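# Remarks on the overall topology
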Amino acid sequence: MGSDLYRVKVVSKKATTAVFDVKVIHPDISTIPEDRSFALMILREAANDSLLARELTTRDKTDRVWLKKYASGFIQSVALTPTGNSAKRGRLTITVSDPAWLDHMAPGESFDTAAFQRIDKYDRHPPILLTTGAAGPPEVDDSDLDDGDGFLWVPREAYGDVRMVKPLPPFVQVPAYSLSAYEVVDELSGKLAPKRLQAWHGKAVRVMASGRPQEGALGLLKGSADKFALLSLQGWGWSKVEAIGRLRLKPGRRGTKASYAEVLERVRISAALVKKRGDTLELTCRLPPDGRKVPFASESDVLALLAGPLEFDFFRQGFKTKAPLGDALTRDLREQSLGTDEDLYPAVARAYVASFTVEGATKPKKKLTAAALDALTPPAALAALSAAWPTFTLRIKVTDPKWIAHVDDELPMFADDTVLAKPATLAEQKAAKEKAAKAKARAKKAPSKPAPKRAILWLKKGTSDKVWIASQDGATWKAQYGRRVLPDREEKVYELASEEKASAAFTKAVEAKKRAGYRVAPAYDAAAELLWKRLGLAFDDSSGVPVVTKVGPPASAATHFETGFKAGDTIYAARHRGMGAPYRLRTIEELAVVVESRRAGEDVLLETSRKLGKSGMMTTARVTLR
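Quick caveat, the model's predicted, so the values are computed rather than measured. (Residues numbered from 1 in each chain as written. Predicted model: local features only at pLDDT ≥ 70, side-chain atom pairs only at ≥ 80, totals over all residues. Heavy atoms only, no water.)

What follows is about the overall build of the protein. The secondary structure content of the protein amounts to 15 helices and 31 strands. The globule rule puts the C-alpha radius of gyration for 626 residues at 25 Å, and the 28 Å found for the protein is close to it. Here the C-alpha coordinates of the protein stretch approximately 80 × 70 × 50 Å along the principal axes. Counting only residues that meet the buried cut, the protein has 47% of its 626 residues in that class. Here the protein has roughly 30,700 Å² of accessible surface; of this, 52% comes from carbon and sulfur atoms. (Helix = DSSP H or I, 4+ residues; strand = E, 2+ residues; numbered from the N terminus. Rg over C-alpha atoms; globule rule 2.2 N^0.38 Å. Buried < 20%, exposed > 50% of the residue type's maximum accessible area, 1.4 Å probe, protein only. Areas by Shrake-Rupley, 256 points an atom, 1.4 Å probe, with all protein chains shown as cover.)

Here it is, written out as structure tokens:
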């Protein structure tokens, strides 16, 4: 969920009833809900490893269908008693159906929460009690689990470029419900059996990673025996796991079932190399069988296909993978100040793509819709998706063979459905370059605008770990805030009548945060000096994330980089040993907070934009502090 809304303290607990002191801490919230869904979210917020967490997943607590059916089975009653004259503070009394659902709560404990009221009408449900003494699920044949109910079969084209994962089967099996709807069978822990894992590649599993359960389709990583990828309808990621087992739908509670609409929305058009000769490519493209149209309307779309595997990086304003095409496009982007790849391709396409043709397009025997697939059993849906997909041949001629030097028969290539703007003529491209060059020359002569005033404050208390960033520019000031481990920040902008009034409001807000317990990060210049002294790195964070501008020791000898850091490396996140999730970074002041708390000789881990070897994996570099 987003930013924290309430501060909660456990006042007392007895049998099935707990009393909480609840206080509003978000400026946009004015009341405390007297509601079952709100109460259940509060209980689940602090229940990462508890009896309640085994029955109620984080997905369940925001699922309207699940909450309507089952919330009253867990929460018997909720009562709010205001304290003082404000509706922003009160005592919330929650009565549950079983003492087990309060087992993780202890009087005196406090935490911040983003809980909210999800629904207001609930079905009646008998009290849900803790199940004890149940026999573990028996071992079953993998074939029985492959055909089991409660799963969706997702084409591998839904995951795009996953080169760090071993080749996936044509379809992977993902759970259609929340993890609470399944039981784990054939669980493995300790030393994992490679043959068994190979048989599970692409199948639905539950893994335990850092003590937390996660579900998805298993993806075996290249060159790793203890780290695994999990693929879901939200995307994919990888981690080291302690245990892994297959999933089987069990009788009992069900929330919202995922739809094939989510699957088809993710599936992309794929292209495979058939022939490459000189300046010409021949590709076979596959269209998903849901009625998609051929997306290549102009040279802009063809250039987007060729550049896709090179991975455009908005923050670095260039392409991550080293190749002649990526280097040339990066120069075009920066010279013309185009900003995004969608603006870039139409502006320069004719300089790279001489011509193209689309030939031999076929049509699906039967158009597949999400509604039709949802109505089928998993084996029937798999059979329908396994029928031949429409194909067509794409022939491309480029202006120089080096623009396709990176294309080979192992390179994954995918096209989006969006048709880009038609390309500019060569004369228009020349005029745009000349205009951009003149604008840059004028900008160099113009006096630089003073940097806006900025203050970064942070709070770490109990389970709360937040950052608040305020900045002022003229008569405007804004605040960005959120959890330090999450990449997104909420933002509020305040327009005032004058610069003086904005400055007064800015200062007042900073002081209010300090009174609330927030600590002030080092100022920009002090942060820059600290990072250079202890990390050996200088940064520019004007793009919205710290980017390396200068390198000195000890960063020049950072682990994983044979030649150390280099200018242009982006630092997305940082952590020290002993931390769980890393802190996501927007400013150098936030990085300085991590660094200044550690002693000389300790390590700081920096998540960077650098890629390693043929796998293309992003890496975390280890730097020992001075």
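Further notes follow.
With that out of the way, let us pick up empty space enclosed by the protein. Enumeration according to the criterion identifies one cavity of 30 Å³ or more in this entry. Elements represented by at least two residues in the lining of the largest cavity include exactly β21 (453-461), β29 (583-584) and α15 (588-596). Residue composition of the lining of the largest cavity, by class: five nonpolar, no polar and three charged. (1 Å grid on protein atoms, 1.4 Å probe; cavity = no way out; pocket = protein on both sides within 12 Å on 5 of 7 lines; lining within 4 Å. Points joined across faces, edges and corners; volume = space filled by probe spheres on them. Nonpolar A, V, L, I, M, F, W, Y, C, P; charged D, E, K, R; others polar.)

The first and last C-alpha atoms of helix α13 (residues 499-515) sit 24 Å apart over 17 residues, in line with the 24 Å expected at 1.5 Å per residue. If you check which residues of α13 are buried, you get Ala502, Phe506, Ala509 and Val510. Each buried residue of α13 lies within a common arc of 100° when the element is viewed along its axis, so the set occupies one face. Projecting away from the buried face of α13 at angles above 90 degrees are the exposed residues Glu500, Lys508 and Arg515. (Expected span 1.5 Å × (residues − 1). Arc of directions from axis to C-beta.)

With that settled, the discussion passes to the packing of helix α7 (residues 299-307) against helix α9 (residues 341-348). Describing two packed helices takes the angle between their axes plus the distance from one axis to the other. The N-to-C vectors of α7 and α9 enclose an angle of 125°; their axes lie 8 Å apart at closest approach. By the angle class used here, α7 and α9 are oblique. Handedness of the α7/α9 crossing: right-handed. Touching Ser300, Leu303, Ala304 and Ala307 of α7 are Tyr345, Pro346 and Val348, all from α9. Along the lines of polarity and charge, the residues of the contact of α7 with α9 split into six nonpolar, one polar and no charged. (Axes fitted to C-alpha atoms, helices over the stretch in contact; angles between N-to-C directions. Parallel < 35°, antiparallel > 145°, perpendicular 65-115°, else oblique. Left-handed = near helix turned anticlockwise from the far one by under 90°. Contact = heavy atoms within 4.5 Å.)

Here is the key point about a regular strand: its side chains alternate between the two faces of the sheet. Pairing of strand β26 (residues 537-540) with strand β27 (residues 547-551) involves four bridges; the strand directions are antiparallel. Each residue of the ladder has a partner; that of Ala538, found in β27, is Lys550. Hairpin connection from β26 to β27: six residues lie between these consecutive antiparallel strands, with Gly544 at a positive phi of about 105°. (Pairing = 2+ DSSP bridges.)

With that settled, the discussion passes to the packing of aromatic side chains. Enumeration according to the criterion identifies 11 aromatic pairs in this entry. Geometrically, the ring pair formed by Tyr6 and Phe38 is edge-to-face, given 5.1 Å between the ring centres and 70° between the ring planes. Of this pair, Tyr6 sits in strand β1 (residues 6-14) while Phe38 is found in helix α1 (residues 36-45), placing the two residues 32 residues apart along the sequence. For the pair shown, Tyr6 and Phe38 are each scored as buried. Here Phe151 and Tyr182 contribute two aromatic rings whose centre-to-centre distance is 5.3 Å and whose plane-to-plane angle is 40°, an arrangement assigned as tilted. Of this pair, Phe151 sits in strand β6 (residues 151-155) while Tyr182 sits in strand β8 (residues 182-189), placing them 31 residues apart in sequence. Of the residues examined, Tyr182 reaches a relative accessible area of 4% and is grouped as buried. By way of ring pairs, the aromatic residues Trp66, Tyr70, Phe74 and Trp101 are connected into one cluster. (Phe/Tyr/Trp six-rings, centres within 6.5 Å; stacked < 30°, edge-to-face > 60°.)

To continue, consider the side chain of Asp63. Considering the arrangement of structural elements, one finds Asp63 in the loop between α2 (51-55) and α3 (64-74). It turns out Asp63 is buried and unbridged, and the closest side chain with the opposite charge, Arg59, is 5.1 Å from it. A polar atom in the side chain of Asp63 sits 3.0 Å from the backbone nitrogen of Val65. A polar contact is formed between the side chain of Asp63 and the side chain of Thr256, at a distance of 2.6 Å. Non-local contacts of Asp63, meaning those with residues more than four positions away in its chain, are made with Gly255 and Thr256. (Lys, Arg positive; Asp, Glu negative; His and termini not counted. Salt bridge = Lys/Arg side-chain N within 4 Å of Asp/Glu carboxyl O. Polar contact = N/O pair within 3.5 Å; in protein donor to acceptor, adjacent residues only side chain to side chain.)

Turning our attention to α15. Within α15, eight of the nine residues are buried, which leaves it mostly tucked inside the rest of the structure. Inspection of α15 places Ile588, Glu589, Glu590, Leu591, Ala592, Val593, Val594 and Val595 among the buried residues, and these make up the whole buried set.

Moving on to the environment of Val353. Looking at the secondary structure, you find Val353 in strand β18 (residues 353-359). Taking C-alpha positions, Val353 is 5.9 Å from Thr399, a pair spaced 46 residues apart along the chain. Leaving out residues up to four positions away in the same chain, Val353 has contacts with Glu299, Val302, Leu303, Ile396, Lys397, Val398 and Thr399.

Further remarks concern the pattern of salt bridges. Overall, the coordinates contain 30 salt bridges when judged by the stated rule. A salt bridge links Arg268 to Asp416; the shortest N-O distance between them is 3.0 Å. Of the two residues, Arg268 is situated in the loop between α6 (260-266) and β14 (269-277) and Asp416 in the loop between β20 (413-415) and α12 (426-445); the sequence distance between them amounts to 148 residues. A salt bridge links Asp465 to Arg484, with the nearest nitrogen and oxygen atoms 2.9 Å apart. A residue pair is termed long-range when its members are at least 10 positions apart, and Asp465 in strand β22 (residues 464-473) and Arg484 in the loop between β23 (476-483) and β24 (490-495) qualify at 19 residues. Members of the salt-bridge network, linked through shared partners, are Asp4, Glu45, Lys61 and Arg483.

With respect to the helices and strands, Ser50 occurs in the loop between α1 and α2. At 3.2 Å, the side chain of Ser50 forms a polar contact with the backbone nitrogen of Ala53.

On the basis of which strands lie adjacent, the open sheet formed by five strands has the order β24-β23-β22-β21-β25 and antiparallel pairing. With one partner strand each, in any of the chains shown, β24 and β25 (519-520) form the two edges of the open sheet. Pairing between β23 and β24: six bridges, direction antiparallel. Bridging across to β24, Thr476 finds its partner in Glu495. The sheet contacts of α15 involve β21 and β22, and relative to β21 the element is tilted by about 40°.

Moving on to the sheet that holds strand β4 (residues 89-96). If you walk across this open sheet you meet the five strands as β3-β4-β2-β1-β5, and the pairing is antiparallel. The sheet is open, and its two borders are formed by β3 (75-82) and β5 (110-113), each paired with just one other strand. The mean inter-strand angle of the sheet, taken between neighbouring strand axes irrespective of direction, is 25°. Sheet topology note: the β1/strand β2 (residues 17-24) ladder contains eight bridges and is antiparallel. If you follow Val10 over to β2, its bridge partner there is Phe20. Along the sheet, α1 makes contact with β1, β2, β3, β4 and β5, crossing β3 at roughly 95°. Across the sheet, α3 is in contact with β3 and β4; its angle to β3 comes to roughly 80°.

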